[in-house]
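# Secondary and tertiary structure notes
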Amino acid sequence: MNKAARPKPAGLWISKTVVRVLLLLWTLIVLYPVFWTFITSLKNNQQVMLGKPWDFPSVMHFENYANVWSRAHFGSYFMNSILVTAGSTILSLALASTTAYILARYSFKGRGVLYFIYIASMMIPTTLGLIPLFFLLNDMHLSNSLLGLTLVYSVGTIGILPLGIFFLVGFYKTLPKELEEAATIDGSSLSGIFLRIMLPLSSPGMITVGIMNALTVWNEYIMATVLINDPMKYTIPVGIAVMQGEMQYRTEWGPLFAGLSISMIPVIVMYVIYQRQITGGLTAGALKG
Amino acid sequence: MIKLNNKPKAGYAARRRLFIAGFLLPTFILFSIFTIYPLLRGLYLSFFDWSGGSETMNFIGFGNYKDLLDDEVIPGAIKNDYFLVFWKVILIMLFATFFAVSLTRLKLKEYGLYRVIFFFPNIISVSVIGVLWSFIYNPHLGFLNSFLSLFTQKSVDTNWLGDSHLAMWSLLPPSVWAGIGFYMLLIIASILGIPSSLYEAASMDGAGQWKQFTKITLPLIWEQFKTSIIHIVITTLNGSFIIVKLMTDGGPDNHTQVLGYYLYQMGFKQFHLSYGATIGVLILILSIITTLILQRLLRRDTIEM
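Residues numbered from 1 in each chain as written. Chains lettered and ligands numbered in written order. Predicted model: local features only at pLDDT ≥ 70, side-chain atom pairs only at ≥ 80, totals over all residues. Heavy atoms only, no water.

Rules: UniProt positions are given in the numbering used here, feature names are shortened, and annotations may be inferred rather than shown by experiment.
By the naming in an unreviewed UniProt entry, chain B goes by ABC transporter permease and is assigned to Paenibacillus pini JCM 16418. Under the Sequence similarities (unreviewed entry) heading, UniProt states for chain B: "Belongs to the binding-protein-dependent transport system permease family." For chain B, the Subcellular location (unreviewed entry) comment in UniProt is given as "Cell membrane".

As recorded by an unreviewed UniProt entry, chain A carries the name Maltose/maltodextrin ABC transporter and is attributed to Paenibacillus pini JCM 16418. In the Subcellular location (unreviewed entry) part of its UniProt record, chain A is described as follows: "Cell membrane". One UniProt comment on chain A, placed under Sequence similarities (unreviewed entry), says "Belongs to the binding-protein-dependent transport system permease family."

The following block contains the structure:
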């Protein structure tokens, strides 16, 4: 319809072509550095220093991955990242979904204020809390511990909890109330209604929030570097930054890039599987306010 | 909100209250401890002289704030913060809007694929981005100089991150690269919310793509546009120091120093803890002022339309 109504179809064709070229160019700019990370991760120092950056490795040095995994301890960083990500994703989902359910379905005094507090916290620069948070965890003997880091991620200033609440309140409000009403008449307890009816119904929303949280936590750097000093407790982002810092003493380009690749592979896998939830989840309601 | 039960049973109100409290309190208590308390504590600390330990905390009123005014690093850091804010807002919004409009309005078949690809940098860890781009900028081995050398007689060996004039500019591409996708998705969502009948009517009247953009798309996505700009400002003032920490360490000679990283250095390297907290308050004040000014400026634009 659009095309038929246009007076100058040739003009549209040209602008489409120009746009396509620009889109392809940006695709290249986005994807090439990632691709380049993978090819560099398979080179040895000599290939990196003497060859061109875009050269393919003449010999594939897969041992870079083995090196970085065991000798540079990326194996344990990986496990730490998995633990912290799983723990804080589950904990923040549990804490966000219960609050969001009440905020969406019950009226009580202070409801507006409570919702406002969670939303307003997202607009405050959290750097302000960085130093106090460090000493708080120190006082609680939770600094330098994966449990402490998990707590900070779940409910601390990085903000995945308020974002989860915000998103899930919106999601619960779209769910029909009839099932809950029927369950009440049947004599279900209030928490039973939540657990047996609302939780299963809200699983698409929970998955979206869970994935967004998991990505945030998996990639988080600043809290982890402030709170964790013990090299055996590093998460992957901290391990990468520390390894880069050590590059001035011993250069190991291949293993460093293998480390970057190890960090990205789970993210890419998640993204390929859940891309609709990830891109759709953001557009469904986040940051409309 | 809804009456789940029409006949009030004995004790129902009490059970309901207990249920609400039981669902709200654990979250709120933990949130208060780990989010609200640190933020308030940061504000409180800025009025003390404190370098760790419990005995040595002295109230000094606005002493830290006076030091802030005399600190020679602060004006440069503020300038660099706003350099990043300014260019990130311009470049990210320009690219994000262009991509969003192209993908939605030109009805390309590849729409879904581009959407997925362009968002990809947003899901990579900032530490990966920092290391990756440091290596792209590496004077001898990096991609950028090798690429530029293809077009020049002698090989380019620009030290992008080590040159005091280039370093700030060099921090922009990674920040923009990593930011566009998110805002593109937000703008796409609001464009898709515009009724297509408006566009159909406009093209019947012979309005071209550009006219459709300025007369229909832009006015109707303006709220989202405004929110996105303010979000870029806040996240930049709050978080741009991470890329600084990873790529330049504030150097060369404080030329890429930003407030957030100065806070980090004061707090965790030099243990001027209360001074660090004061810098945090400064960041908060600047964010609030900038947000208010932008709200005012961008609102005027909508009225003019």
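## With respect to the overall build of chain A
Note the threshold: Secondary structure elements are defined from DSSP: runs of H or I of at least 4 residues count as helices, runs of E of at least 2 residues count as strands, and each element is numbered from the N terminus. What the globule rule says is 2.2 Å times the number of residues to the power 0.38, and the radius of gyration is computed from C-alpha atoms. Accessible area is worked out with a 1.4 Å probe on protein chains only. A residue is then buried under 20% of its type maximum, exposed over 50%, and partly exposed in between. Contacts were defined at the residue level, with two residues in contact if any of their heavy atoms lie within 4.5 Å. Accessibility throughout is a Shrake-Rupley quantity obtained with a 1.4 Å probe, and a residue counts as covered only by protein chains that appear here. Counting rule applied: Lys, Arg positive; Asp, Glu negative; His and chain ends not counted. A charge is said to be at NZ when it belongs to Lys, at CZ for Arg, at CG for Asp and at CD for Glu.
A tally of helices and strands in chain A yields 15 helices and zero strands. Expected size for 289 residues packed as a compact globule is a radius of gyration near 19 Å; at 24 Å, chain A overshoots this value by more than 25%. With the C-alpha coordinates aligned to their principal axes, the bounding extent of chain A is approximately 75 × 70 × 35 Å. Taken over 289 residues, chain A has a buried fraction of 54%. Sequence separation of 24 or more characterises 70% of the internal contacts of chain A that already satisfy a separation of 6 or more. Accessible surface for chain A amounts to roughly 12,600 Å². Of this, 69% is attributable to carbon and sulfur atoms. Considering chain A, the positive charge centre built from 18 side chains and the negative charge centre built from 11 side chains are found 16 Å apart.

## Some remarks on the UniProt feature "domain: ABC transmembrane type-1" (unreviewed entry) in chain B
Mapped onto this structure's residue numbering, the UniProt feature "domain: ABC transmembrane type-1" (unreviewed entry) falls at residues 78-294 of chain B. Secondary structure within residues 78-294 of chain B divides into 75% helix and 0% strand; the distance between the first and last C-alpha atoms comes to 17 Å.

## What about the packing of aromatic side chains?
Our working definition: Stacked, edge-to-face and tilted labels apply to pairs of Phe, Tyr and Trp rings (six-membered ring for Trp) whose centres lie within 6.5 Å, assigned for plane angles under 30 degrees, over 60, and everything in between, in that order. A positively charged side chain is recorded as over a ring if its NZ (Lys) or CZ (Arg) lies within 6 Å of the ring centre. The angle to the ring normal must also be within 35 degrees.
Counted by the stated rule, this structure contains 51 aromatic pairs over all chains. Note on B:Phe95 and B:Phe99: the rings are 6.0 Å apart at their centroids and 45° apart in plane angle, and the pair reads as tilted. On the criterion of helical spacing, the pair formed by B:Phe95 and B:Phe99 is a turn pair, its members being four residues apart in helix H3 (residues 73-105). For B:Phe99, a relative accessible area of 3% corresponds to the buried category. Ring pairing ties together the aromatic residues A:Tyr32, A:Phe35, A:Trp36, A:Trp54, A:Phe56, A:Trp253, A:Phe257, B:Phe135, B:Phe143, B:Phe147 and B:Phe151, which thus form one cluster. Taking NZ or CZ as reference, B:Arg41 lies 6.0 Å from the ring centre of B:Trp50, over its face.

## Thoughts on empty space enclosed by the protein
Definition in use: Only protein atoms enter the calculation, which uses a 1 Å grid: trapped sets of points that fit a 1.4 Å probe without letting it out are cavities, open sets showing protein on both sides within 12 Å along at least five of seven lines are pockets, and any residue with an atom within 4 Å of a point is a lining residue. Grid points are joined across faces, edges and corners, and a volume is the space filled by probe spheres set on the points. Under this grouping Gly is polar, as are all residues other than the nonpolar Ala, Val, Leu, Ile, Met, Phe, Trp, Tyr, Cys and Pro and the charged Asp, Glu, Lys and Arg.
Using the criterion set out here, one finds two cavities of 30 Å³ or more in the structure. In this model, the largest cavity occupies a volume close to 50 Å³. In terms of lining residues, the largest cavity is bounded by A:Trp36, A:Thr40, A:Lys43, A:Val48, A:Gly51, A:Lys52, A:Pro53, B:Phe135 and B:Leu141. What the second largest cavity holds in volume is close to 30 Å³. Of all the secondary-structure elements, those providing two or more residues to the lining of the second largest cavity are helix H5 (74-105) and helix H12 (203-219) of chain A. At three residues, H5(A) tops the list of elements feeding residues into the lining of the second largest cavity. Residues belonging to the lining of the second largest cavity are distributed by class as follows: four nonpolar, three polar and no charged.

## A short note on the interface of chain B and chain A
Inclusion rule: In what follows, salt bridge is the name for a side-chain nitrogen of Lys or Arg lying within 4 Å of a carboxyl oxygen of Asp or Glu. For this analysis, a polar contact is any N or O atom pair within 3.5 Å, provided that within protein one partner can donate a hydrogen and the other can accept it, and provided that sequence-adjacent residues contribute only side-chain to side-chain pairs.
If you look at the interface, chain B gives 100 residues, while chain A gives 102 residues. At the junction of chain B with chain A, the criterion picks out one salt bridge. A:Arg20 is the salt-bridge partner of B:Glu110, the closest N and O atoms lying 2.7 Å from each other. Connecting chain B to chain A are 17 residue pairs in polar contact (both at pLDDT 80 or more). Tallying contributions element by element places helix H1 (residues 12-45) of chain B first for the side of chain B that touches chain A, with 23 residues. Residues belonging to the side of chain B that touches chain A are distributed by class as follows: 67 nonpolar, 23 polar and ten charged.

## Quick look at the UniProt feature "transmembrane region" (unreviewed entry) in chain B
Residue and element names in this part refer to chain B. Cross-referencing UniProt, the feature "transmembrane region" (unreviewed entry) maps to residues 20-40, 82-101, 113-136, 176-194, 229-248 and 273-294 in the present numbering. Along residues 20-40 the backbone is 100% helical and 0% strand, and the end-to-end C-alpha distance reaches 27 Å. Within residues 273-294, the helical portion is 100% and the strand portion 0%, while the C-alpha atoms at the span's ends are 32 Å from each other.

## Structural notes on H1(B)
So the rule is basically this: In this scheme, a helix's expected span is set at 1.5 Å multiplied by one less than its residue total. At every residue, the bend is computed as the angle between two fitted axes, covering the seven residues ending there and the seven beginning there respectively.
Spanning 34 residues, H1(B) covers 46 Å between terminal C-alpha atoms, matching the ideal 50 Å at 1.5 Å per step. At B:Ser32, H1(B) shows its largest kink, close to 45°.

## Considerations on the UniProt feature "transmembrane region" (unreviewed entry) in chain A
Residue and element names in this part refer to chain A. Residues annotated in UniProt with the feature "transmembrane region" (unreviewed entry) correspond here to residues 21-39, 77-103, 115-137, 149-172, 193-215 and 253-274. As annotated, residues 21-39 comprises 100% helix and 0% strand, and the C-alpha atoms at either end are separated by 26 Å. In the segment residues 193-215, helix accounts for 96% and strand for 0%; the C-alpha atoms at its two ends are 30 Å apart.

## A short note on the confidence of the model for chain A
Residues and elements named next belong to chain A. Rules: Per-residue confidence from the predictor is reported as pLDDT, which spans 0 to 100.
Scored by pLDDT, chain A comes out at a mean of 87, with 93% of its residues at no less than 70. In the predicted structure, residues 1-7 sits below a pLDDT of 50 and forms eleven contacts with residues beyond four places in sequence or in another chain. Scored below 50 in pLDDT, residues 285-289 makes 14 contacts in the model with residues more than four places away or belonging to other chains.

## Notes on the environment of B:Tyr114
Looking at where B:Tyr114 falls in the secondary structure, it is placed in helix H4 (residues 111-119). Take B:Tyr114: its relative accessible area is 5%, and that puts it in the buried class. Residues B:Tyr114 and B:Gly179, spaced 65 residues apart in sequence, show a C-alpha to C-alpha distance of 15 Å. With residues near it in sequence (within four places) discarded, B:Tyr114 still touches A:Arg20, A:Leu23, A:Leu24, A:Thr27 and B:Leu103.

## Let's talk about helix H8 (residues 196-204) of chain B
All names here are of chain B. The line we're drawing: Here the arc refers to the directions that run from the helix axis out to each C-beta atom.
When H8 is considered as a whole, its buried residues turn out to be Tyr199, Ala202 and Ser203. Along the long axis of H8, the arc covered by the buried residues comes to 95°, so they all point the same way. The first or second residue beyond H8 is Gly206, which carries a positive phi of 85°.

## Brief notes about the packing of helix H11 (residues 190-201) of chain A against H12(A)
Residue and element names in this part refer to chain A. What counts here: Throughout, an axis means a line fitted to C-alpha atoms (over the contacting stretch in the case of helices), and angles, computed between N-to-C directions, take values from 0 to 180 degrees.
The contact between H11 and H12 brings their axes to 5 Å, and the two run at 65°. Facing Leu199, Pro200 and Leu201 of H11, the residues of H12 in contact are Ser203, Pro204 and Met206. A breakdown of the residues in the contact of H11 with H12 according to their chemical character gives five nonpolar, one polar and no charged.

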